[in-house]
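So you can see what is in the structure, the chains are spelled out below.
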Amino acid sequence: MDCELTHELINAYADRELGLIRSMEIEGHLRDCPACSERYAGLQALRGAIGVLYHKPPIHLQKRVTKAVRNASRGEKKSDLISWRMIGIAVSAVVIVILSWGVVRLVSRPAESELLAREVVASHVRSLMANHLADVPSSDQHTVKPWFNGKIDFSPPVEDLASEGFALVGGRLDYLDNRPVAALVYQRRQHYINFFAWPSEADDVKKELSQQGYNVIHWARAGMSYWIVSDLNKSELRGFVELLQSRTWR
Amino acid sequence: MEERSKLEQFEERILPHLAAAYNLARWLTRDERDAEDVVQEAYLRAFRFFGGFRGGDGRAWLLTIVRNTCYTWLQQNRSHEFAASDDEMQQVESDAPSPEASLIVSADSKLLAQALEELPVEFREAIVLRELEGLSYKEIADLADIPLGTVMSRLARARKRLQQSIARLMGREV
């Protein structure tokens, strides 16, 4: 062990970071070399001097830090709560959306009569498309009316209104509102009119509406439901209804 | 970690090292007020990261956070001085003989503190961790994220500089 290596390792030696063998070699050299020994003494003196330079924390710091950490802990807990609350809010929001969607659907679901009006219009359109206006093509009410006997459990009003400009074209069976119904077909100029009749609970109803460009008039009376549908203009159709009513319930 | 026990564990394992935290922060910032602020900030960071604390030496773990908090603080508040330390680090210690042990022993603590404060921050840090906290080379290497050899050479150079500046300061005073 020489002075150079000792000089190199003296700090690690002082810090007890050297292995046993190296430490013993340096120890031996320090015993023999006054210069290195002095250097080592200087180093130890420095270490001792520096060792007293510990800065103690001010007394209030412990309190301050503890308080800050506890606040942070509460903040974390609160943010946990908040996130749970957020989840809660999100869940309720989803529930509300689903519920209101249901409600909107319920509300916006067309009323029974409107649904039926669609059926009526569809039936009217079908009868024209399929060229299936009448099962019993006749302008004679006394031919048409009996035709329904045995086919349905009610007797529909059949009026010949040719003299009023509404020619009876015929009658047929149709299926509406989950039941077989009587359909009577009239014609005014180039316009066909479907007149549906069937027994129903509804009473004292009168309704006019438009569907897909067709005019629909519905009324119920004395346990019977009546539907009129045509592309005929509304006022003429109204006239037709009045005519029917005046003839049927004289 | 359950929140309540997290606080309890933290207070039990990390809070007792407040003195070490303050001492390091005080030497690195060289200001009492700043040291307090840095310590509080470091403790809050430590609490946030406490979930990642895998047991072991709570003091070394905390001091790593204090050190990093200090360096962030220095970069933000003393960037000029902080940047200069690199150049200072490159300075080579003079070959002047070390002062005698008796001279150092007679130096008062105010002068010693001045000598230590004048060291570049990396040297100061090595001295504080070694001489005041008694950390091993390995612990310092881990804490400062530097090789073991660098710890050894930094300590040697730091001590050399300290001795020289003590001699210089005492020469002035005498």
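Here, the structure is the one placed above.
Position labels on residues start from 1 in each chain and follow its written sequence. Whichever chain is written first is A, and whichever ligand is written first is 1; the rest continue in order. Predicted model: local features are reported for residues with pLDDT of at least 70 only, side-chain atom pairs are reported and counted for 80 or more only, and whole-chain, interface and lining totals are derived from all residues.

**Here's the deal with the pairing of strand β6 (residues 214-221) of chain A**
Residues and elements named next belong to chain A.
And then number 1: One bridge is not enough; two strands pair if DSSP finds at least two bridges between them. Only DSSP runs of H or I covering at least 4 residues are called helices, and only runs of E covering at least 2 are called strands; the numbering of each starts at the N terminus. Sheet topology places strand β5 (residues 205-211) next to β6; seven bridges connect them, and they run antiparallel. Paired with Val205 across the bridge in β6 is Ala220.
And then number 2: Following β5, the chain reverses through two residues before pairing antiparallel with β6; Gln212 in that reversal takes a positive phi of roughly 50°.
And then number 3: As paired strands, β6 and strand β7 (residues 224-230) are joined by seven bridges and run antiparallel to one another. In the strand pairing of β7, Ile217 is matched with Ile228.

**What about the sheet that holds β7 of chain A?**
All names here are of chain A.
And then number 1: Spatially, β1-β2-β3-β4-β7-β6-β5 is the arrangement adopted by the seven strands of the open sheet, whose pairing is antiparallel. The open sheet has two free edges, formed respectively by β1 (136-137) and β5, since each of these has just one partner strand.
And then number 2: Bridge analysis of strand β2 (residues 167-176) against strand β3 (residues 179-188) gives nine bridges, and the strand direction is antiparallel. In the strand pairing of β3, Gly171 is matched with Leu184.
And then number 3: Placing a C-beta atom from the backbone of each residue, one calls two residues in contact when those atoms lie within 7 Å. Every axis corresponds to a line fitted to the C-alpha atoms, with the helix fit spanning only the stretch in contact, and the corresponding angles, defined between N-to-C directions, vary from 0 to 180 degrees. Across the sheet, helix α5 (residues 112-129) lies against β2, β4 (191-199), β5, β6 and β7, angled at about 120° from β6, the strand it touches most.

**A word on the interface of chain A and chain B**
And then number 1: Contacts between chain A and chain B engage 33 residues on the former and 38 residues on the latter.
And then number 2: Under the convention adopted here, Pro, Cys and the residues Ala, Val, Leu, Ile, Met, Phe, Trp and Tyr are nonpolar, Asp, Glu, Lys and Arg are charged, and Gly plus all remaining residues are polar. Across the side of chain A that touches chain B, the residue classes tally to 16 nonpolar, seven polar and ten charged.

**Considering helix α9 (residues 137-144) of chain B**
All names here are of chain B.
And then number 1: Three classes are used. A residue is buried when 20 or more other C-beta atoms lie within 10 Å of its own, exposed when 12 or fewer do, and partly exposed in between, with C-beta atoms placed from the backbone. What α9 keeps buried is the set Tyr137, Ile140, Leu143 and Ala144. Relative to the axis of α9, the buried residues are bounded by an arc of 130° and lie together on one face.
And then number 2: Downstream of α9 by one or two residues, Asp145 has phi in the positive range, about 55°. Regarding the arc, it is the one traced by the directions from the helix axis to the C-beta atoms.

**Here's the deal with the nonpolar core**
And then number 1: Counting residues in hydrophobic clusters, the biggest one holds 65 residues, and the most contacted among them are Ala21, Leu24, Ala25, Val39 and Val66 of chain B.
And then number 2: Top contributing element to this core by residue count: helix α4 (residues 58-77) of chain B, with eight residues.
And then number 3: In contact with Ala25 of chain B, other than residues within four places in its own chain, are Ala35, Val38, Val39, Val66 and Cys70 of chain B.
And then number 4: Core analysis: the second largest hydrophobic core is formed by 31 residues, Ala117, Ala183, Ile193 and Ile217 of chain A among them. Put simply, a nonpolar core is buried Ala, Val, Leu, Ile, Met, Phe, Trp, Tyr and Cys residues tied into one set by C-beta atoms within 7 Å.

**What about the pairing of β4 of chain A?**
Residue and element names in this part refer to chain A.
And then number 1: Where β3 and β4 come together, seven bridges link them in antiparallel fashion. Opposite Ala183, over in β4, you have Phe196 as the bridge partner.
And then number 2: Pairing geometry for β4 and β7, over seven bridges, is antiparallel. When the bridges of β7 are listed, Phe196 appears paired with Trp227.

**Overview of the packing of helix α1 (residues 3-14) of chain A against helix α3 (residues 34-50) of chain A**
Residues and elements named next belong to chain A.
And then number 1: With their axes 11 Å apart at the nearest point, α1 and α3 run at an angle of 25° to one another. Here α1 is positioned roughly parallel relative to α3, judged by the angle of their axes. The element α1 and its partner α3 pack so that their crossing is right-handed. Touching Cys3, Thr6, Ile10 and Ala14 of α1 are Ala35, Cys36, Arg39, Tyr40, Leu43, Gln44 and Arg47, all from α3.
And then number 2: When grouped by side-chain class, the residues that make up the contact of α1 with α3 number seven nonpolar, two polar and two charged. Any angle that falls under 35 degrees is termed roughly parallel, while one over 145 is termed roughly antiparallel, one within 65 to 115 roughly perpendicular, and all others oblique. Two helices that cross are described as forming a left-handed crossing if the nearer one is turned anticlockwise from the farther one by less than a right angle, and a right-handed crossing if clockwise.

**Digging into the packing of helix α2 (residues 18-29) of chain B against helix α3 (residues 32-49) of chain B**
All names here are of chain B.
And then number 1: It is the contact of α2 with α3, at a shortest axis distance of 8 Å, that shows an interaxial angle of 130°. One element, α2, and the other, α3, form an angle in the oblique class. Classified by chirality, the crossing of α3 by α2 is right-handed. For the pair formed by α2 and α3, the contact residues are Ala21, Tyr22, Ala25, Arg26 and Thr29 on the first element and Glu32, Asp34, Ala35, Val38, Val39 and Ala42 on the second.
And then number 2: Tallied by class, residues from the contact of α2 with α3 come to seven nonpolar, one polar and three charged.

**Side note on helix α7 (residues 109-117) of chain B**
Residues and elements named next belong to chain B.
And then number 1: Of all the positions in α7, only Leu112, Ala115 and Leu116 are classed as buried. Buried residues along α7 cover an arc of 95° about the axis, so they all sit on one side. Structural note: α7 exposes Lys110 and Glu117 on the side pointing more than 90 degrees away from its buried face.

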